[in-house]
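Coordinates in review
Here is how the chains run, residue by residue.
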Amino acid sequence: MLAPYLFLLIAFGLVPLLMAVREVPGESLTNPDGGWDAFKIVVQDFRFPQAVKNVLGFMAIYVPLTLVLVIVMALMLDVRHTKWSKYLRMAYIIPASISGAVAVLVWWAILEPTISPIKSILSLFGIESATQIWQTKNLVYIIAIMTFFTIAGNWILIQYGSLQSISSEIIEAARVDGGSDLTLYRSVAAPLLKPGIATVAVFTALGTWNEFLLAMIYIQNESYKTIPIGLLAYSSRYSTDYQMLFAALTVVTIPMIVVYLVFNRQIVAGLTEGSLK
């Protein structure tokens, strides 16, 4: 069972990483003498610490927001079953089917006060013009909201599948003991959902760490760039400093590999819950 997974991990994960590391000591534009000092140069680059700080700040907002809203929406799907439930589940994944560039245009129309379908809601917060929204200080929140609605549907359905995998006998026993819906989900469901919650947290963090498209389109201030955008500093129109680029890619890849390895069991359990009941 593990053989296909191990093959893909080695072929498309470890091998490219090792090939990149092998190229790092070569001579480059930034490191003309070559050697392993390339890693030190990358870490000490003034853009790198700031990019990491930006991404961690984005994570601090986006990951908890995603966890809370995904769990709440999954519980709402599970608590009451009607003839509309299947259509509601389908509606959750529609935003994920919209490509990145189109999604940007859709969200621009939603947040543009002059044409927004939620103009009345925006006006309640005193927002009457686009300049009040599209400010650098607001971008971290805007990108967090846009990214959430783009991928949340998939995670809602995964959490819903995890809820469906909980034995009906356990649920009924809790109800017989007089447990309310709140008690039921807090004391019975929540502990059983830990693998699924860990899965959402890890993959959401991975996506945040690698945020590129929205940051590329909306963020113009160099001090707010994300890590993938910072990597473009080693590539220009006429040349690419491959040794430094490979060193930077290695540095930013290792933390996420460590996170995945630490939470590997929870991720596998979270993705397979709901497949059998």
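For clarity, every value in this text was computed on a predicted model and none was experimentally measured.

Criteria and cut-off values
- Residues numbered from 1 in each chain as written.
- Predicted model: local features only at pLDDT ≥ 70, side-chain atom pairs only at ≥ 80, totals over all residues.
- Heavy atoms only, no water.
- Helix = DSSP H or I, 4+ residues; strand = E, 2+ residues; numbered from the N terminus.
- Buried < 20%, exposed > 50% of the residue type's maximum accessible area, 1.4 Å probe, protein only.
- Contact = heavy atoms within 4.5 Å.
- Areas by Shrake-Rupley, 256 points an atom, 1.4 Å probe, with all protein chains shown as cover.
- 1 Å grid on protein atoms, 1.4 Å probe; cavity = no way out; pocket = protein on both sides within 12 Å on 5 of 7 lines; lining within 4 Å.
- Points joined across faces, edges and corners; volume = space filled by probe spheres on them.
- Nonpolar A, V, L, I, M, F, W, Y, C, P; charged D, E, K, R; others polar.
- Phe/Tyr/Trp six-rings, centres within 6.5 Å; stacked < 30°, edge-to-face > 60°.
- Polar contact = N/O pair within 3.5 Å; in protein donor to acceptor, adjacent residues only side chain to side chain.
- Expected span 1.5 Å × (residues − 1).
- Core = buried A, V, L, I, M, F, W, Y, C linked by side-chain atoms within 4.5 Å.

Let us now look at the overall build of the protein chain. Looking only at helices and strands, the protein chain has 14 helices and zero strands in total. Its helices and strands in sequence order give the protein chain the pattern α-α-α-α-α-α-α-α-α-α-α-α-α-α, from N to C terminus. Across the 277 residues that make up the protein chain, the buried fraction comes to 35%. Looking at the protein chain alone, contacts between residues at least 24 apart form 71% of all its contacts between residues at least 6 apart. Counting every atom, the protein chain has about 16500 Å² of accessible surface; 69% of that belongs to carbon and sulfur.

Mapped onto the elements, leucine 157 comes out in helix 7 (residues 139-164). A C-alpha to C-alpha distance of 9.9 Å links leucine 157 and isoleucine 71, two positions 86 residues apart in sequence. Apart from residues lying up to four places away in sequence, leucine 157 is in contact with Leu77, Arg89 and Ile93.

A few words now on empty space enclosed by the protein. Taken as a whole and judged by the stated rule, the model has one cavity of 30 Å³ or more. Size it by volume and the largest cavity reaches roughly 100 Å³. Secondary structure elements with two or more residues in the lining of the largest cavity: helix 3 (47-79), helix 12 (227-231) and helix 13 (242-262). Of the residues that constitute the lining of the largest cavity, the class distribution is eight nonpolar, one polar and two charged.

Here we take up the packing of aromatic side chains. Under the definition given, this model contains three aromatic pairs. Summarising the aromatic geometry, the rings of tryptophan 36 and phenylalanine 39 are spaced 6.0 Å apart at their centres and angled 5° between planes, so their arrangement reads as stacked. Phenylalanine 39 gets classed as partly exposed once you look at its relative accessible area, which sits at 23%. Arranged with centres 6.1 Å apart and planes meeting at 35°, the rings of tyrosine 242 and phenylalanine 246 form a pair that is tilted. One end of the pair, tyrosine 242, and the other, phenylalanine 246, are both in helix 13, four residues apart, so they sit about a helical turn from each other.

Counting through the fold element by element, lysine 225 comes out in the loop between helix 11 (213-218) and helix 12. The residues contacting lysine 225, other than those within four sequence positions of it, are Ala51, Asn54, Ile219 and Gln220.

Note that asparagine 54 resides in helix 3. Overall, asparagine 54 belongs to the buried group, its relative accessible area being 16%. Within the structure, the side chain of asparagine 54 is placed 2.8 Å from the backbone oxygen of lysine 225, a separation counted as a polar contact. Those residues within four positions of asparagine 54 in sequence are excluded, and the remaining contacts are Ser223, Tyr224 and Lys225.

A few words on the layout of surface pockets. What the largest pocket holds in volume is close to 350 Å³. Elements supplying a minimum of two residues to the lining of the largest pocket: helix 1 (2-23) and helix 13. Sort the elements by how many residues they give to the lining of the largest pocket and helix 1 lands first, with eight residues. Across the lining of the largest pocket, the residue classes tally to ten nonpolar, two polar and no charged.

Note on helix geometry: an α-helix contains 3.6 residues per turn, so any two residues three or four positions apart are oriented the same way. Here helix 10 (residues 194-209) contains 16 residues, and its C-alpha end-to-end distance of 22 Å stays within 8% of the 22 Å for a straight helix at 1.5 Å per residue. For helix 10, the complete set of buried residues consists of Pro195, Gly196, Ala198, Thr199, Val200, Val202, Thr204, Ala205, Leu206, Thr208 and Trp209.

Ranked by internal contacts, the top residues of the largest apolar core, which has 52 residues, are Val42, Ile156, Leu163, Trp209 and Ile227. Formed by seven residues, the second largest nonpolar core is a distinct cluster that contains Leu122, Ile127, Ile133 and Met146.

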